Amino acid sequence: MADMDIEGIRFSHGRKEILKGIDFRMCKGEVIGILGQNGSGKTTLLNCINTEYRPDEGKVSVKDFLIDAIDSGHDVGDSVDIRELDDGERSRIVATVEQQSQMNFPFTVLETVRMGRYSRTGMFNEEDEDREMDLLCDIMEDVGILEFAERNASELSGGEWRRVMIAQALAQEPEILLLDEPTLHLDVNHQFGLMDLCRKISRERGILVAIVTHDLQLAARYCDRSIVIVSGRIVASGRTEEVITKDLIRDVFKMEARVEYDEEIHGMLVTLLRRIS
Amino acid sequence: MQTGMSSKERVKYLEKKRRRRAWYTAGALILLLVMAYFVCLAVGSVQYPISEVWDTVLGKGDWSHDLIINQLRAPRLLCAAMAGAALSLGGVAMQALFKNPMASASVLGVSSGASFGAAFYIAYGFALFASSLGTVMAAFGMAMLTMIAVYMLAYRKGGGVQTTMLLLAGMAISALFSGGTSMIEFFSDADTVTSIVFWILGSFDGCVWSDARIMFVPIVIGMILISLNAREMNLMTTGESKARSLGVNIRRTRLMILVGSSILVAGTVSICGVISFVGLIIPHIFRTLVGPDHKRLIPICILGGALFMMVVDTFARTAMMGMELPVGTVTSIIGAPFFLWIMRSRKAAGWRS
C-alpha cells in the first residue's frame, strides 16, 4: 500500500495564486482530513494530487505501492512522480470521488459501479464473471446500495448517487482514496456510516484515505491526522486532536466552539457555539 | 423470479437476464435482417415471389431478373443497410462523446458540414481530379472540422456539454453550411446543381455496386475504430475527468471516436446525401431496449440501423406508384416528431439539463 508525498505545490488560476506552496506527506492506513473554509484551495489541492490539474511548481509522488498496480519499470519502494504513471496505472493506485458529477445515460447502479473495474479487467471480460460479481456485490453491500443495484442510476437522489460514486471508487481497489466532501447530501446516518466505512477500509486494507471537508465535527471524530488550509497555505497539521482546537476554530473558521474528549465514543467532540462577528 | 433469493443472488440473476435479453434482441434482429433483405429485393415496380428472389440471388435466375434484382435492387439495398448501420453507430458514438443522448450527425450539423465539403468538391474539385474517393475525403475533412468546432463551442471544462448549447451550436453550424452549399449551387451550372441537390435530399436512387464498394471501406474502418472503444465510451458518458480518473486514456479515445464517427458520416453522406435523425432514433430505441452499455448497444445498433434503413428505403421506393420519395425526407418526417417527443419525455431519455 502506498504513501504519498506532496512537495511544494503551487497552482494559479489566471493571475490568482490559489495554492502557495503545499508540503505534506500522507501514509498508508491513515485517514487524513484536509480542512479549510470555502475557497481556501482544498479542492484545487485534491485536483493537483490526482493529476486533474497540473501544478505550476512542485510534485506529487507515490511510493510503496503494490508492484502489480503498475506494469513495469519500477521496484517496490521506488518513489514515482504520479505524472509519470499512465492513466491505467494511476487509476489502480488513486481513486477520486468528486464533489459533483452526474449521469445522463440510463445505466443501472451495478453498471455504474462496474465502471470502476475498467482498469483492472480486460476488453472481453476474460475474468471470472462470478468472482467479479461477488466483489461488486460486496462493495455495494458495504456502501448500502445493493438493494437498488438494478435501478437507473440517472434517477437517484443526491445521497444515493454519492454512495454509488463511492462504490465505484472502491471497485477500483485503490491504494489511495481521495474524497471531496464525501458527506455532502447525505443524511446523518449515512454520513456516519460512510465515515465508519472509510476508517474500516483504511484499517483493514491499509488504504490511505484523504478527505477534503469543511465538516469539523466529522473530521474531529474520524481523521487520524488533519491539515488546515487557509488561502492556499497550510496553517496547521498534525494529529487531529492537536490540530482541531478551540483556538484554531476561532482563528480559521471564526466560530466559538467547545472541543472535548468524549469517553463514550473514544473520540473528539466539537460543538459549535456561535459565530464571532 | 423465485422468492427467497438474497439481494446478491437477485442482482446476479437480473444481470444474467439482462445479458440474455441482449442476445435475444441481436438474434431477432439478424433474423429480421435476413428476411427483410429478401422481401425488399422482391417488392417494387416489378414484384417477384421470394423463391424467385432466392434463385436469382444464388445466380440461377434469368437475365432480366438478374438485372433488376442483382444489379439494381441489391446494391441499392446494401448501400441503404450500410448507411443505416453507419448513421446509427455514428449517433451512438457522438452521444457518448458529447455525453448527451440528443446528439447525432444531423443535429450537430456534421451532416451539413460533410455535404458542404462534398458539394464543394463536386463543383470545384472535379475539374482537378474527378473521383468518388475525392468526394469522400472532402466530406470527411469537413465532417471532422464541424465536429471539432461544435465540440469546442459546446464543451465547458468541468461542466460537460450543455444540451442547449449543443443544439444551438449545431443549428448555427448547420445553417452556415447549408448557406455555403446554396452559394455553391448558385454559382454552378445546371448539371452540377442537379447532382448537388440530389444529395441534399438524401437518396439511394441510382446506387450501384461501385457505390457500395466505395462505402464499404470507410464504414468498416469507422465501425472498427468505434467498436474498439466500447468500454471507454461507457465511461466517457460520466464525464471526461471522471473517465480519466477511472483509467481511460481520454485523448486517444476522443480522437478515435471523433475520427471514427466522422468517417462514418462522410462515407454515408458522400454516397447518399444527408439522411437525418437515423442516428437519433435507432440508438434511442435500442438503449431503452437493451440498456446503454456500449458493448451491447454498438452491435445491436449496427443491426437495427441497417434493418431500419432497408425498410424505410424500400418504403420510399414503393410507396407511390411510378415515382419515388427521397429517403431523407421520409426519415425527416418520421424523425422530427420523434426528436421532439424525446425532448419532452426527459425521463424516458434518462436525460438531465
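Structure: see above.
Residues numbered from 1 in each chain as written. Chains lettered and ligands numbered in written order. Predicted model: local features only at pLDDT ≥ 70, side-chain atom pairs only at ≥ 80, totals over all residues. Heavy atoms only, no water.

Time to look at the sheet that holds strand 8 (residues 208–213) of chain A. All names here are of chain A. Spatial strand order, 6-7-8-3-9-10: six strands in an open sheet with mixed pairing. Single-partner strands in this sheet number two, and they are strand 6 (94–97) and strand 10 (233–239). For this sheet the average axis-to-axis angle between neighbouring strands, irrespective of direction, equals 15 degrees. Sheet analysis places strand 9 (residues 225–230) next to strand 10, joined by six bridges and oriented antiparallel. (Pairing = 2+ DSSP bridges. Helix = DSSP H or I, 4+ residues; strand = E, 2+ residues; numbered from the N terminus. Axes fitted to C-alpha atoms, helices over the stretch in contact; angles between N-to-C directions.)

As a further point, take the nonpolar core. Among the nonpolar cores identified, the biggest contains 165 residues, and A:Val109, A:Val113, A:Leu177, B:Phe98 and B:Phe204 are the most heavily contacted of them. The dominant element in this core, judged by the number of residues it contributes, is helix 3 (residues 63–97) of chain B, at 17 residues. Ignoring sequence-local partners within four residues, the contact set of B:Phe204 consists of B:Arg76, B:Cys79, B:Ala80, B:Ala83, B:Cys272, B:Ile275, B:Met309, B:Asp313 and B:Val327. Among the nonpolar cores identified, the runner-up in size contains 31 residues, and A:Ile6, A:Phe11, A:Met26 and A:Ile49 belong to it. (Core = buried A, V, L, I, M, F, W, Y, C linked by side-chain atoms within 4.5 Å. Buried < 20%, exposed > 50% of the residue type's maximum accessible area, 1.4 Å probe, protein only. Contact = heavy atoms within 4.5 Å.)

With that settled, consider the side chain of B:Thr314. Residues and elements named next belong to chain B. When you line up the elements, Thr-314 lands in helix 14 (residues 294–318). Thr-314 gets classed as buried once you look at its relative accessible area, which sits at 7%. When near neighbours in sequence (up to four residues on either side) are disregarded, Thr-314 contacts Cys-40, Val-43 and Leu-77.

Moving on: the sheet that holds strand 1 (residues 3–13) of chain A. Residue and element names in this part refer to chain A. Spatial strand order, 2-1-4-5: four strands in an open sheet with antiparallel pairing. Both outer strands of the open sheet, strand 2 (16–26) and strand 5 (79–81), are each paired with one neighbouring strand and no more. Averaged over all pairs of adjacent strands, the angle between their axes in this sheet comes to 25 degrees, without regard to strand direction.

To continue, consider the environment of B:Asp55. Residues and elements named next belong to chain B. Along the chain, Asp-55 falls in helix 2 (residues 50–57). Sequence spacing of Asp-55 and His-65 is ten residues, and the spatial spacing of their C-alpha atoms is 9.7 Å. In this structure Asp-55 touches Lys-60 and Gly-61, once residues within four positions along its chain are discounted.

Okay, the environment of B:Met142 next. Residue and element names in this part refer to chain B. Structurally, the position occupied by Met-142 is in helix 6 (residues 132–154). Residue Met-142 is classed as buried on the basis of its relative accessible area of 16%. Sequence separation between Met-142 and Ala-266 is 124 residues; the distance between their C-alpha atoms is 8.4 Å. Sequence-distant contacts of Met-142, that is, excluding residues within four places in its chain, are made with Gly-113, Ala-114, Phe-116, Gly-117 and Phe-177.

Moving on, we come to empty space enclosed by the protein. Residues and elements named next belong to chain B. Across all of its chains, the model carries five cavities of 30 Å³ or more by this definition. For the largest cavity, the calculated volume is near 60 Å³. Along its surface, the largest cavity is lined by 13 residues, and Leu-87, Ala-105, Ser-106, Ile-275 and Gly-279 are the ones closest to its centre. Along the lines of polarity and charge, the residues of the lining of the largest cavity split into seven nonpolar, six polar and no charged. (1 Å grid on protein atoms, 1.4 Å probe; cavity = no way out; pocket = protein on both sides within 12 Å on 5 of 7 lines; lining within 4 Å. Points joined across faces, edges and corners; volume = space filled by probe spheres on them. Nonpolar A, V, L, I, M, F, W, Y, C, P; charged D, E, K, R; others polar.)

Bringing the pairing of strand 8 of chain A into the picture now. Residues and elements named next belong to chain A. With six of six residues buried, strand 8 lies mostly within the body of the structure. Pairing geometry for strand 3 (residues 31–36) and strand 8, over five bridges, is parallel. The partner of Val-31 across the bridge, within strand 8, is Val-209. As defined by bridge partners, strand 7 (residues 176–180) adjoins strand 8 across five bridges and the pair is classed as parallel. The residue bridging Leu-179 from the neighbouring strand is Ile-211, located in strand 8.

Residue and element names in this part refer to chain B. At a closest axis distance of 9 Å, the pairing of helix 13 (residues 278–290) and helix 15 (residues 327–344) adopts a crossing angle of 55 degrees. The orientation of helix 13 relative to helix 15 falls into the category oblique. Seen along the crossing, helix 13 lies across helix 15 with a hand that is left-handed. Taking contact as the criterion, the partners of Val-278, Leu-280, Ile-281, His-284 and Ile-285 in helix 13 are, on helix 15, Thr-331, Ile-334, Gly-335, Phe-338, Phe-339, Trp-341 and Ile-342. Among the residues forming the contact of helix 13 with helix 15, the class breakdown is nine nonpolar, three polar and no charged. (Parallel < 35°, antiparallel > 145°, perpendicular 65-115°, else oblique. Left-handed = near helix turned anticlockwise from the far one by under 90°.)

Turning to the interface of chain B and chain A, a few remarks are in order. Taken together, the contact between chain B and chain A spans 42 residues of the former and 46 residues of the latter. Summed over both partners, the interface of chain B with chain A comes to about 4000 Å²; 49% of that surface belongs to carbon and sulfur atoms. Joining chain B to chain A, the criterion identifies eight salt bridges. Across the salt bridge formed by A:Glu129 and B:Arg19, the nearest N and O atoms sit 3.2 Å from each other. Counting every contact that joins chain B to chain A gives 15 residue pairs in polar contact (both at pLDDT 80 or more). (Buried area = accessible area lost by both parts, 1.4 Å probe. Salt bridge = Lys/Arg side-chain N within 4 Å of Asp/Glu carboxyl O. Polar contact = N/O pair within 3.5 Å; in protein donor to acceptor, adjacent residues only side chain to side chain.)

All names here are of chain B. As enumerated under the stated definition, the model contains 33 salt bridges over all chains in all. Two residues, Arg-19 and Glu-15, come together in a salt bridge whose shortest N-O distance is 3.7 Å. Residue Arg-19 and its partner Glu-15 are located together in helix 1 (residues 7–42), separated by four residues, close to a single helical turn. Its salt-bridge partner being Lys-99, residue Glu-240 comes within 3.5 Å of it at the nearest N-O pair. Residue Glu-240 is located in helix 11 (residues 240–245), and its partner Lys-99 is located in the loop between helix 3 and helix 4 (105–108); the two are separated by 141 residues in the primary sequence. When its relative accessible area of 5% is taken as the criterion, Lys-99 is described as buried.

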